[in-house]
Structures are given as structure tokens and as C-alpha cells.
Amino acid sequence: ARRNGPLTMAVQRISPKEAADLQAQGYTYVDVRSAAEFEAGRPASSVNIPIFHRTGMQMSPNPEFLAALKAAFPAGSKFVLGCQGGNRSMRAAEMLAAEGYADVIEQRAGFGGSQTEAGWANAGLPVESGPAPGRDWESMRKKSG
């Protein structure tokens, strides 16, 4: 993954509070963590399109990520990408910028936070857990199939 090339410049990185403000303005929060992480706890009203699947301690790329995201969010859609700490969502953002998405927004610090910034969960923002019919990975993957 290139960190200093032209792809990174296309990605706007924002705080959890800024992500919540954009959600209030009609942006969709796309959680790119695994389905199990999403079910355990997530930003309220977010949708799940994992960039990686987790099997035990193993992480493997989700081959359906781009197709599912493109089906759910055509070019011009307004969404924010987030994960646990910012690494997976930044990778997803760079992939989408390379695919021609012009307005890619990534929420740094993710759900759990980083060493330098509180994540969504610790910032006092709305959180939910449990099943999310219509917004979980199974629902999102059906949009592309």
C-alpha cells in the first residue's frame, strides 16, 4: 500500500465526531471490520462491508468487498469508512480512490481508537450491537449478487 503517493491525497481523514456530524447530514457510515466485530459493537446505524474476513486469528481478504460496496454505494454516494483503529478503513479508502471514487472519507482512530486519539466508542458517540437486519454483511452482499 502506498502511503505517500497520489492515492492517499484523495482520502480525507476525519475524527469520530466529524464522522458522526456527517452521518447526521445523510452520510452512511460503512464499517469495514469483520461481521463478528460489527455485531459485537459498532457506530449506530452503520452498515457492514468487511474488507477482510476473520477466521479465528486469521484475516483473509474479502473478494466481494469492491463489488458489494459498488452495488450499495454507486459513484457520488456519501459515505464514511471506519474500522477498529484506522488501518483497514484507510486501505479500503485507498482501494476506492483507485477505483475512481472522488470523495472518499475515512474516519481515523476507528471504533476502538488509536494511541493518539479516542475511537468512536470512547468519544461518547451512539453505539449499537447485536443483529442489524438490512445493514449486516449478509444483507449488503446480496445487493451485488
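Residues numbered from 1 in each chain as written. Predicted model: local features only at pLDDT ≥ 70, side-chain atom pairs only at ≥ 80, totals over all residues. Heavy atoms only, no water.

(A) Local environment of the overall build of the protein. Per the secondary structure count, the protein includes six helices and nine strands. Here the protein has a C-alpha radius of gyration of 14 Å; the compact-globule value for 145 residues is 15 Å, and the two agree. Principal-axis analysis of the C-alpha atoms places the extent of the protein at approximately 40 × 35 × 35 Å. The buried share of the protein, reckoned over its 145 residues, is 44%. Restricting the contact set of the protein to residue pairs at least 6 apart, pairs at least 24 apart contribute 66%. (Helix = DSSP H or I, 4+ residues; strand = E, 2+ residues; numbered from the N terminus. Rg over C-alpha atoms; globule rule 2.2 N^0.38 Å. Buried < 20%, exposed > 50% of the residue type's maximum accessible area, 1.4 Å probe, protein only. Contact = heavy atoms within 4.5 Å.)

(B) Broad picture of the packing of aromatic side chains. Per the counting criterion, the structure on display carries three aromatic pairs. Measuring from centroid to centroid gives 5.8 Å for Phe-79 and Tyr-101, while their planes differ by 75 degrees, and the two rings are edge-to-face. Linking Phe-79 in strand β7 (residues 79-82) with Tyr-101 in the loop between α5 (87-98) and β8 (104-107), this pair joins segments that are 22 residues apart in sequence. Comparing Phe-79 with Tyr-101, the two get one shared label, buried. (Phe/Tyr/Trp six-rings, centres within 6.5 Å; stacked < 30°, edge-to-face > 60°.)

(C) Representation of the side chain of Ser-89. Looking at the element boundaries, Ser-89 is found in helix α5. Residue class for Ser-89 comes out buried when judged on its relative accessible area of 0%. A distance of 3.5 Å separates a polar side-chain atom of Ser-89 from the backbone oxygen of Gly-86. A distance of 2.7 Å separates a polar atom in the side chain of Ser-89 from a polar atom in the side chain of Glu-106. (Polar contact = N/O pair within 3.5 Å; in protein donor to acceptor, adjacent residues only side chain to side chain.)

(D) Structural detail: the packing of helix α4 (residues 65-72) against helix α6 (residues 137-144). For the pair α4 and α6, interaxial distance at closest approach is 7 Å and the crossing angle is 80 degrees. Regarding the angle of α4 to α6, the classification is roughly perpendicular. Together, Ala-67, Ala-68, Ala-71 and Ala-72 of α4 and Trp-137, Met-140, Arg-141, Lys-143 and Ser-144 of α6 make up the contact between the two elements. The class makeup of the residues in the contact of α4 with α6 is six nonpolar, one polar and two charged. (Axes fitted to C-alpha atoms, helices over the stretch in contact; angles between N-to-C directions. Parallel < 35°, antiparallel > 145°, perpendicular 65-115°, else oblique. Nonpolar A, V, L, I, M, F, W, Y, C, P; charged D, E, K, R; others polar.)

(E) Inspection of the nonpolar core at higher detail. Val-30, Ile-49, Leu-69 and Leu-81 are the most contacted members of the largest nonpolar core, which has 23 residues in total. Listing elements by their share of this core, those giving two or more residues are α4, β7, α5 and α6. Tallying contributions element by element places α5 first for this core, with five residues. With sequence-adjacent residues up to four places away left out, Leu-69 is seen in contact with Val-30, Ile-49, Phe-79, Leu-81, Leu-96 and Tyr-101. One finds Ile-14, Leu-22, Tyr-29 and Trp-120 within the second-largest nonpolar core, a separate group that totals eleven residues. (Core = buried A, V, L, I, M, F, W, Y, C linked by side-chain atoms within 4.5 Å.)

(F) Focus on helix α2 (residues 16-24). Within α2, burial applies to Pro-16, Ala-19, Ala-20, Leu-22 and Gln-23. For α2, the buried positions fall inside an angular range of 160 degrees around the axis, keeping them on one side. Tucked into the core, α2 has its buried residues touching β1 (11-14), β2 (28-31), β7 and β8. Downstream of α2 by a residue or two, Gly-26 has a phi angle that is positive, lying close to 110 degrees. (Arc of directions from axis to C-beta.)

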